[in-house]
Amino acid sequence: TISRSSAILGAARTLAAKLLLAIPIDRAALTQAMIESAGGSDAAGAWNQRESFEALEVALSIAIPELVGRMDAGAAIATLEALAKDLPTHTVRSEDQIAFQQFSTPPALACLAVNLARLGSEDVFLEPSAGTGIIASLAKGAVKQCLLNELEPTRAELLEGLFPGAPVFRHDGAKIAAMLSGTARPSVILMNPPFSVSQSRGEDQNTAARHLRAALDHLLPGGRV
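Now for a look at the structure at hand. (Residues numbered from 1 in each chain as written. Predicted model: local features only at pLDDT ≥ 70, side-chain atom pairs only at ≥ 80, totals over all residues. Heavy atoms only, no water.)

Structural notes on the overall build of the protein chain
Right, so step 1: For the protein chain, the count of helices and strands is 10 helices and 6 strands.
Right, so step 2: Whereas a compact globule of 225 residues would reach a radius of gyration of roughly 17 Å, the protein chain reaches 17 Å, a difference of no more than 12%.
Right, so step 3: If you line up the protein chain on its principal axes, its C-alpha atoms span 50 × 40 × 30 Å.
Right, so step 4: Counting every position in the protein chain, which comprises 225 residues, the buried fraction comes to 47%.
Right, so step 5: Long-range contacts, defined as pairs at least 24 residues apart, comprise 61% of the intrachain contacts of the protein chain with a sequence gap of at least 6.
Right, so step 6: Positive and negative side-chain charges of the protein chain, numbering 19 and 23 respectively, have mean locations separated by a distance of 5 Å. (Helix = DSSP H or I, 4+ residues; strand = E, 2+ residues; numbered from the N terminus. Rg over C-alpha atoms; globule rule 2.2 N^0.38 Å. Buried < 20%, exposed > 50% of the residue type's maximum accessible area, 1.4 Å probe, protein only. Contact = heavy atoms within 4.5 Å. Lys, Arg positive; Asp, Glu negative; His and termini not counted. Charge placed at Lys NZ, Arg CZ, Asp CG, Glu CD.)

Right under this line is the structure:
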């Protein structure tokens, strides 16, 4: 039996190849990629529809640096906006997605954030809620070191497959300063934190503020979030 993360990552690599060749991706393409990678159908329980969209997000993380890496920011953002409009969208949120606040950053917005961060070759970069790696994929080539954190187990495994050699921590981002005390402190933190659900408090309107406070506390003096 193949693990969930291995099935998703295998399908993602197939879909990334299509993205790089400008081959259209529709729901049927997602289904076929997952069947081939997981070795069975969703009806047979080998995978589910949410995982097929997870594979698409991971495919974007794999392909986007190559697709837009040589473009200026304006051209890259326009390209990613156009790409997103042509991809299938997932409209139903699972209980796990809501519990872990898995609302992935749109590629164009991730690109804008990375551009505004003005990353440099001496920067140590941290993403405290790294998800499927879309922000980190755009940042990793510009920095000295890439540090990632993701609480949800399958996504953490996906990040380990996507970013070999980069430390992947598995902590609650709202406690990142305490949990990573004594480790290398980042000079740049880019984050799209949970906004309404806390792992320890449940529904909490201050969740985003707690994540931001923890990031600021862990930041290298003079760094930026």
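Some thoughts on a nonpolar patch on the surface
Right, so step 1: A contiguous nonpolar surface patch, about 280 Å² in accessible area, is contributed by Leu109, Leu112 and Leu116.
Right, so step 2: Along the chain, Leu112 turns up in helix 6 (residues 107-117). (Patch = residues over 30% accessible without salt bridge, like charges linked within 9 Å, V, L, I, M, F, W, Y side chains within 5 Å. Areas by Shrake-Rupley, 256 points an atom, 1.4 Å probe, with all protein chains shown as cover. Salt bridge = Lys/Arg side-chain N within 4 Å of Asp/Glu carboxyl O.)

Topic: helix 8 (residues 153-162)
Right, so step 1: For helix 8, the set of buried residues is Thr154, Arg155, Ala156, Leu158, Leu159 and Leu162.
Right, so step 2: On its buried side, helix 8 packs onto helix 1 (4-20), helix 3 (49-68), strand 2 (145-149) and strand 3 (168-169).
Right, so step 3: Looking at where helix 8 begins, the residue whose side-chain oxygen comes 3.2 Å from the main-chain nitrogen of Thr154 is Glu152. (Polar contact = N/O pair within 3.5 Å; in protein donor to acceptor, adjacent residues only side chain to side chain.)

Concerning the pairing of strand 2
Right, so step 1: Counting buried positions along strand 2 gives 4 out of 5 residues, so the element sits mostly inside the fold.
Right, so step 2: Inspection of the sheet shows strand 1 (residues 124-127) paired to strand 2 by 4 bridges, in the parallel sense. If you follow Glu127 over to strand 2, its bridge partner there is Leu148.
Right, so step 3: As for the winding sense of the linkage, the β-α-β connection from strand 1 through helix 7 (residues 134-139) to strand 2 is right-handed.
Right, so step 4: Taken together, the 2 bridges between strand 2 and strand 3 define a ladder with parallel strand orientation. Across the sheet, residue Asn149 finds its bridge partner in strand 3, namely Phe169.
Right, so step 5: Once the chain exits strand 2 it traverses helix 8 before rejoining the sheet at strand 3, and the crossover so formed is right-handed. (Pairing = 2+ DSSP bridges. Right-handed = clockwise from strand over helix to strand, strands pointing away.)

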